[in-house]
Amino acid sequence: MRDSADALDQDDVVRRSAPGSAAVGVLAVGAGVAVAHLLAALTEPSRSPLVSVGAAFIDLTPTWLKEFAVERFGTADKAVLLGTIAALLVLISAGVGLLARRRRRTAVALATVIGLVAAVAAISRPGASAVDAVPAVVGALVSGFALALLTRPARPRGAAMGPAPTAAPVPVGSADVMAALGGTAPDAPPPTGATAATAATAGPDRRSVLVGVVGVAGLAVVAGSVGEVVGRRRSDVSAARAAIRLPAPADPAVMLPSTVEVGVAGVTPFRVPNADFYRVDTALTVPAVDPGTWSLRVGGMVDRPYSLSYADLLAMPLVERDLTLTCVSNEVGGQYAGNARWLGVRVKDLLAHAGVDPRADQLLSRSVDGWSASTPIAAVTDGRDAIVAVAMNGEPLPAEHGFPARMVVPGLYGFVSATKWLVALEPSTYSAEQAYWTKRGWATDAPVRTMARIDVPQPLSSVRAGRVAVAGVCWAQHRGIDGVELQVDDGPWRTAKLGSVPSDDTWRQWVVTWDAAPGRHTLRARATDGTGRTQPAARLTPFPSGAQGWHEVVVIVE
Ligand SMILES: Nc1nc2c(c(=O)[nH]1)N[C@H]1C(S)=C(S)[C@@H](COP(=O)(O)O)O[C@H]1N2
Ligand SMILES: [Mo]
């Protein structure tokens, strides 16, 4: 009697080995994620569950962790984040699969709740509406349903005739399931007198469980890969970029003399090709913005708010300038700086059309993905070349660099000036609203700090004794560079030869010829900006207003 009661309890679930159960959990949740991914791809790719959870995570991450991630993983930080979320999801869903052996209903509910977390993340994204939660909600239901299906009670045909034949727990279909999942042998109970009857009745269930596993796995693979293909296609702006005819600038950049290059191999080129240009942003997937439907709204504290289309923007007088962009997260000697030739419309012209309220002290600029920057109004109206750029180095902006339009303001770090995938310009006040990074403790006003970087020789490299070119780039955008000096060990500071520049708004190459004697030497560089101020030796971390200190490189002379 007791045996038979136990058997009925156990009969509530399909019995599997632990790895098999864990795999079933992963499969069920995976199917839900795949379906949600497909639905997102068909509607709005950025609402895919992993992406929206990742994006919500990025926005909630404390600044120190974000700094650590950027430092540690560089531009791979996004792949690392998505990988970590996927790995956590696998662990959690494996746990849910294991739980299903004992508490099937709870496990099914949990599988559904996992999907609902993604739905909440999707709906909490800036500018999101209830519709954005639909893919994740459907995915959640699929996960729950798939787990229920894959763990549904075994019902041998004989069961209806009476309890006797099912007195022992029946490992229905587990061998097939394990085979289908590539798992280990099932923990089948020892055969009892009922073996013959079980064998006779297990057939159909065994098959149906197998069909369930294969069906769910197939659904996951098909939905996931179709979603991936469709999503990629929909977020591909290359056709739109290729169709654009850039007008000639009304105010072209000056011809660059060949002397912008000091002619030393290994120095960062004066103009960095788009493919090599550093990329820093919070966007987990690159926003795909259609220039055909894009518009820029000029609103906030203005007399006459208006919107303009991409064609309207291109029809305005365009200025072309060489401008250097720098990230506040750049460490001393770091690579988060780049110089390019930009083509765009002056921010001042765009604001003039709207009439700015004189009480506005900041210009909020907003990205399609909800990111924002606040730039001192003075910095975009004082006559400097602050532009809404549409092109970078002669081609429409690359998707990663803000296609179809972004801001570039000489002299300020990117987080307070360089909004990519720009959709709105709003004069406002610092007391009324704060931008993305300012809310997170970074500086309100962040002019670029003067910096000299040594590009060659590289740290800890070996060089031949004799004449060695020590060279690099330096910057102090909008103040300009007056000089660079190099010190070897504790020797005198020697003045570098500077490359020429088209304006004070770009970085500048520098070179010193050093007569290197054998041994281990420390090279140290410092720049002096156009106001006569030499960059201080005292180190400051990037947080909250940019790194400071002299770049040092140790080399071995042989
Ligand atoms: N939409 C959006 N724009 C953004 C950012 C961002 O996270 N989102 N990051 C800013 C920062 S911190 C920098 S340094 C520059 C980098 O521009 P780049 O990636 O084209 O080099 O973009 C700025 N514009
Ligand atoms: Mo930045």
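Keep in mind it's a predicted model, so treat the numbers as computed, not measured.

What follows deals with the overall build of the protein. Helix and strand counts for the protein come out as 14 helices and 19 strands. Considering only intrachain contacts with a sequence separation of at least 6, the fraction spanning at least 24 residues in the protein is 77%. Of the roughly 24,300 Å² of accessible surface on the protein, a fraction of 60% belongs to carbon and sulfur atoms.

Take the site of ligand 1 next. Taken together, 19 residues are adjacent to ligand 1, and Y278, T282, H401, R406 and K420 come closest. Contacts to ligand 1 include V280, whose backbone N or O atom sits 3.1 Å from an oxygen atom. Within the side chain of W371, a nitrogen or oxygen atom sits 3.3 Å from an oxygen atom of ligand 1. For ligand 1, whose free accessible area comes to 530 Å², the fraction covered by protein is 99%. The residue inventory of the shell around ligand 1, partitioned by class, reads nine nonpolar, five polar and five charged.

Right, let's get into the packing of helix 3 (residues 49-60) against helix 5 (residues 77-102). Where helix 3 contacts helix 5, the axes come no closer than 10 Å and their chain directions differ by 115°. One element, helix 3, and the other, helix 5, form an angle in the roughly perpendicular class. Note that helix 3 runs across helix 5; the crossing there is right-handed. Counted together, L50, V51, V53, G54, F57 and I58 of helix 3 and L81, L82, I85, A86 and L89 of helix 5 form the full contact between these two elements. Within the contact of helix 3 with helix 5, the residues separate by chemical class into 10 nonpolar, one polar and no charged.

Per-chain confidence: the protein averages 88 in pLDDT, with 87% of residues scoring 70 or above. pLDDT under 50 marks residues 1-13. Its contacts with residues more than four places away, or in other chains, come to 18 contacts. Here residues 157-204 is a poorly scored stretch, pLDDT under 50, and it has 57 contacts once near neighbours within four places are set aside; other chains count.

By the element assignment, Q548 lies in the loop between strand 18 (519-529) and strand 19 (551-557). Looking at Q548, the relative accessible area reads 11%, which means it is buried. A polar contact is formed between the side chain of Q548 and the backbone oxygen of A538, at a distance of 2.6 Å. If we ignore the near neighbours within four places in the chain, the residues touching Q548 are V332, R449, M451, P536, A538, R539 and L540.

Going through the model one piece at a time under the given rule, you end up with 21 salt bridges. Put simply, D281 and K420 hold a salt bridge, and the shortest N to O gap is 2.8 Å. Residue D281 is located in the loop between helix 10 (238-242) and strand 1 (295-298), and its partner K420 is located in the loop between strand 9 (406-408) and strand 10 (422-428); the two are separated by 139 residues in the primary sequence. We note that D281, like K420, is buried. Across the pair D322 and R341 runs a salt bridge, and its minimum N-O distance is 3.0 Å.

Moving on to the nonpolar core. The tendency in soluble globular proteins is for nonpolar side chains to be buried as a group. By size, the foremost hydrophobic cluster in this structure holds 86 residues, and its most contacted members are L313, W342, L350 and F415. It is strand 7 (residues 387-392) that provides the largest number of residues to this core, a total of six residues. Setting aside its immediate chain neighbours within four residues, F415 contacts V328, W371, A373, W437, W442, A443, A446 and P544. Core analysis: the second largest hydrophobic core is formed by 23 residues, A34, A100, V108 and L150 among them.

Once that is clear, we can look at the packing of aromatic side chains. One pass over the full model with this rule turns up 11 aromatic pairs. Taken together, a centroid distance of 5.4 Å and an interplanar angle of 20° make the contact between F277 and Y278 stacked. In this structure Y278 comes out as buried when scored by relative accessible area, which is 14%. A ring pair is formed by F277 and W342, whose centres lie 6.1 Å apart and whose planes are at 85°; its orientation type is edge-to-face. Residue F277 is found in the loop between helix 10 and strand 1, and its partner W342 is found in strand 4 (residues 337-346); the two are separated by 65 residues along the sequence. The class of W342 is buried, set by a relative accessible area of 0%. Put simply, the rings of W371, F415, Y436, W437, W442 and F543 pair up and form one aromatic cluster. One cation-aromatic arrangement involves R440 over Y436; the distance from NZ or CZ to the ring centre is 3.7 Å.

The next subject is a nonpolar patch on the surface. The grouping of L110, V113, L116, V117, V137 and L141 at the surface amounts to a nonpolar patch, some 470 Å² of accessible area in total. Those elements giving two or more residues to the nonpolar patch turn out to be helix 6 (104-123) and helix 7 (134-150). With four residues, helix 6 is the largest single contributor of residues to the nonpolar patch.

So, about the pairing of strand 13 (residues 466-475). Taken across its 10 residues, strand 13 has seven buried, putting it largely inside the fold. Of the pairings in the sheet, the one linking strand 11 (residues 451-456) to strand 13 comprises five bridges and is antiparallel in character. In the strand pairing of strand 13, I454 is matched with G472. Here strand 13 runs beside strand 17 (residues 508-516); their pairing, made up of nine bridges, is antiparallel. By the bridge assignment, V470 is partnered in strand 17 with V512.

Let us look at the packing of helix 2 (residues 18-43) against helix 5. Running from N to C, helix 2 and helix 5 cross one another at 125°; their axes reach a closest spacing of 7 Å. Taken together, the axes of helix 2 and helix 5 lie oblique to each other. Viewed along their axes, helix 2 and helix 5 form a crossing whose handedness is right-handed. Touching A18, S21, A22, G25, V26, V29 and V33 of helix 2 are L89, V90, S93, A94, G97, L98 and R101, all from helix 5. Classifying every residue of the contact of helix 2 with helix 5 by side-chain character gives nine nonpolar, four polar and one charged.

A few words now on the environment of Y336. For Y336, the position within the fold is in the loop between strand 3 (319-326) and strand 4. Taking the C-alpha atoms as reference points, Y336 and F277, 59 residues apart in sequence, are found 8.6 Å from one another.

Calculation rules
- The numbers attached to residues start from 1 for each chain and follow its sequence in the written order.
- For this description, chains carry letters from A and ligands carry numbers from 1, given in the order in which they are written.
- The predicted origin of the model limits local features to residues at a pLDDT of at least 70 and limits the giving and counting of side-chain atom pairs to 80 or more, whereas totals for whole chains, interfaces and linings rest on all residues.
- Note that the side-chain values use all heavy atoms of the structure and ignore hydrogens as well as water.
- Counting from the N terminus, the helices are DSSP H or I runs at least four residues long and the strands are E runs at least two residues long.
- Throughout, a residue-residue contact means that at least one pair of heavy atoms, one from each residue, lies within 4.5 Å.
- For every accessible area listed, the method is Shrake-Rupley and the probe measures 1.4 Å; residues are considered covered only by the protein chains on display.
- We define proximity as follows: a residue is near a molecule or strand when any one of its heavy atoms falls within 4 Å of that partner.
- Nitrogen and oxygen atoms within 3.5 Å of one another constitute a polar contact, given that in protein one can donate a hydrogen and the other can accept it, and given that sequence-neighbouring residues count only through two side-chain atoms.
- Ten residue types, Ala, Val, Leu, Ile, Met, Phe, Trp, Tyr, Cys and Pro, are classed as nonpolar, four, Asp, Glu, Lys and Arg, as charged, and the remainder, Gly among them, as polar.
- Helix axes are fitted only over the stretch in contact, all axes being lines through C-alpha atoms; the angle between N-to-C directions runs from 0 to 180 degrees.
- Our angle categories are set so that under 35 degrees counts as roughly parallel, over 145 as roughly antiparallel, 65 to 115 as roughly perpendicular, and the remainder as oblique.
- Note on convention: the crossing is left-handed when the near helix lies turned anticlockwise from the far helix by less than a right angle, right-handed when the turn is clockwise.
- Confidence of the predictor at the level of single residues is given by pLDDT, which spans 0 to 100.
- Whether a residue is buried, partly exposed or exposed follows from its accessible area with a 1.4 Å probe, protein chains only, as a fraction of its type maximum: under 20%, in between, or over 50%, in that order.
- Salt bridges are counted wherever a side-chain nitrogen of Lys or Arg sits within 4 Å of a carboxyl oxygen of Asp or Glu.
- In this description, a nonpolar core means a group of buried Ala, Val, Leu, Ile, Met, Phe, Trp, Tyr and Cys residues linked to one another through side-chain atoms lying within 4.5 Å.
- Each Phe, Tyr or Trp ring, with Trp reduced to its six-membered ring, pairs with another whose centre is within 6.5 Å; inter-plane angles below 30 degrees give stacked pairs, above 60 give edge-to-face pairs, and intermediate values give tilted ones.
- Only when the NZ atom of a Lys or the CZ atom of an Arg is both within 6 Å of the ring centre and within 35 degrees of the ring normal do we say a charge sits over the ring.
- Each patch is assembled from residues with relative accessible area greater than 30% and no salt bridge, linking like charges that lie within 9 Å and nonpolar side chains (Val, Leu, Ile, Met, Phe, Trp, Tyr) that lie within 5 Å.
- Two strands pair if DSSP finds at least two bridges between them.

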